Amino acid sequence: MSLTNKVTAEDVLRISGVDASRCMQCGKCSGACPNYDEMDLHPHQFAALLRKGEVERLMESNALYQCLSCFACSQRCPRNVEPAKIIEAVRLTVIRQKGRNYMTADRLPEKLDEDLPQQALVSAMRKYSK
Amino acid sequence: MNYSYYPGCTLKTKAKELDIYGRLSAAKLGIILEEPEHWQCCGGVYPQGEDEIATRLSSIRALAAAKEKGQDLITLCSACHHVLKRVNNDMKRNATICQRANNYLQLDTPYRGETEVLHYLELLRDRIGFDTLKSAVVNPLKGVNIAAYYGCLLLRPGKEMGFDDPEDPCIIEDFIRALGATPVKYSQRNECCGGYLTLENKGAAQKRAEAILSSAADAGAEMIVTACPLCLYNLKNNAKTKIPVKYFTEVLAEALGVKEEL
Ligand code: SF4
Ligand code: SF4
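Basis of the calculations
Residues numbered from 1 in each chain as written. Chains lettered and ligands numbered in written order. Predicted model: local features only at pLDDT ≥ 70, side-chain atom pairs only at ≥ 80, totals over all residues. Heavy atoms only, no water. Pairing = 2+ DSSP bridges. Helix = DSSP H or I, 4+ residues; strand = E, 2+ residues; numbered from the N terminus. Axes fitted to C-alpha atoms, helices over the stretch in contact; angles between N-to-C directions. Domains from an automatic or database assignment. Contact = heavy atoms within 4.5 Å. Buried area = accessible area lost by both parts, 1.4 Å probe. Salt bridge = Lys/Arg side-chain N within 4 Å of Asp/Glu carboxyl O. Polar contact = N/O pair within 3.5 Å; in protein donor to acceptor, adjacent residues only side chain to side chain. Nonpolar A, V, L, I, M, F, W, Y, C, P; charged D, E, K, R; others polar.

Draft legend 1. Up close: the sheet that holds strand S8 (residues 245-247) of chain B. Residue and element names in this part refer to chain B. The sheet built from four strands is open, its strands ordered S6-S5-S7-S8 with parallel pairing. Each having just a single partner strand, strand S6 (182-184) and S8 make up the two edges of the open sheet. Strand-to-strand twist of the sheet, defined as the mean angle between neighbouring strand axes without regard to direction, takes the value 40 degrees. Sheet analysis places strand S5 (residues 145-148) next to S6, joined by three bridges and oriented parallel.

Take a look at the structure:
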């Protein structure tokens, strides 16, 4: 899928408010990540690739949709980098583009079950679509 | 004492027990919870993007309504608490977000984060006190081994949530003790259950839920309590190991002798 608008590292820095240059690549964030196995790129790599300006690679990562927003990485980072904010900022640069919603409301009925709380639906829409 | 109370979308629907038992218990403890007339859903996920304004507005409306009444705002759902608390911090500390949000809202007086957001458990600990709670218990839950499941949203990021020590919390264990039951500590109590992924990647949510349930089972838990409807759903439905999972307000109401069958 081609992207309509070019996104730069500055855009991600502005949206996230994160200073990735503070990252010392210790990997503590990725060590803390409970969903490490499901992600093609891990929190420390988001910090590293953002520093190198490789935003397109980040925008193609499945980690944007596998991140649990659990804030373990942000909590345990000794340099206060907050990788969860980088991941969310990159996700926003993707889903804000036309036609790039990751999940749309018409896909929800097939996923419903008797017990599913509303919270699951509203949060999926918050995370995956604009 | 009167407080504003923000129930959130799920407490009106799938998580009625969390709401109703919370209200019944509060009344027993002399607390009046006033629900604002026109609250809107907080969205369930804190908008981490600093340029996200629209997604913060529903929270700010609830916060400003509590300020109008001169009341602290009580939350019950972990996700609502997380969202309201952090949006409130933004209104206090981030001048750009504060100004842009107020430009939209055009309130009579601008809102700048004046309201204090308290989770129901913080109300019990910091305003009522666990000793007072203990003396109000009429049905002590003697001999029941209860595991607290904290999850993520109440605790992290610790410096923003200010709820408890994010790596070694004790508030829910202290709560369990006050009810006369025995708290069970286990390694996964503050690790994520993966609930947000239940629609997108059920396998991952199942793996996380099982890690938590088996860790609690190994430690001898007979019951797990939580404050989060999505955690409750995920721990109940997505793990192979089965231990009853309940809202903390349900055991509270039971201990206070105000539990009704719903
Ligand atoms: S924990 Fe912080 S400093 Fe260490 S690699 Fe992760 S983002 Fe960088
Ligand atoms: S917030 Fe996302 S990236 Fe960070 S530890 Fe949790 S799942 Fe991993």
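Draft legend 2. View of the domain arrangement of chain A. Residues and elements named next belong to chain A. The domains assigned to chain A are domain 1 (3-97) and domain 2 (103-130). Here the C-alpha centroids of domain 1 and domain 2 sit 24 Å apart. Listed by partner, the interface residues are eight residues for domain 1 and four residues for domain 2. Between domain 1 and domain 2, roughly 500 Å² of surface is buried when both sides are summed, and carbon and sulfur atoms account for 55% of that area. Of all residues in domain 1, Tyr 65, Arg 91 and Ile 95 give up the largest surface area on contact with domain 2, accounting jointly for 72% of the area buried on that side.

Draft legend 3. Broad picture of the interface of chain B and chain A. Listed by partner, the interface residues are 48 residues for chain B and 44 residues for chain A. Where chain B abuts chain A, roughly 4,000 Å² becomes buried across the two surfaces, and 52% of that area is made up of carbon and sulfur atoms. Our count for the chain B to chain A interface comes out at eight salt bridges. The salt bridge involving A:Arg76 is made with B:Glu191; its shortest N-O contact spans 3.5 Å. The interface formed by chain B and chain A holds 22 residue pairs in polar contact (both at pLDDT 80 or more) in total. Among the elements of the structure, helix H3 (78-93), helix H7 (158-161), helix H9 (202-218) and helix H10 (229-237) of chain B are those that each provide at least two residues to the side of chain B that touches chain A. Counting residues per element, the side of chain B that touches chain A draws most heavily on H10(B), at four residues. Split by residue class, the side of chain B that touches chain A holds 22 nonpolar, 14 polar and 12 charged.

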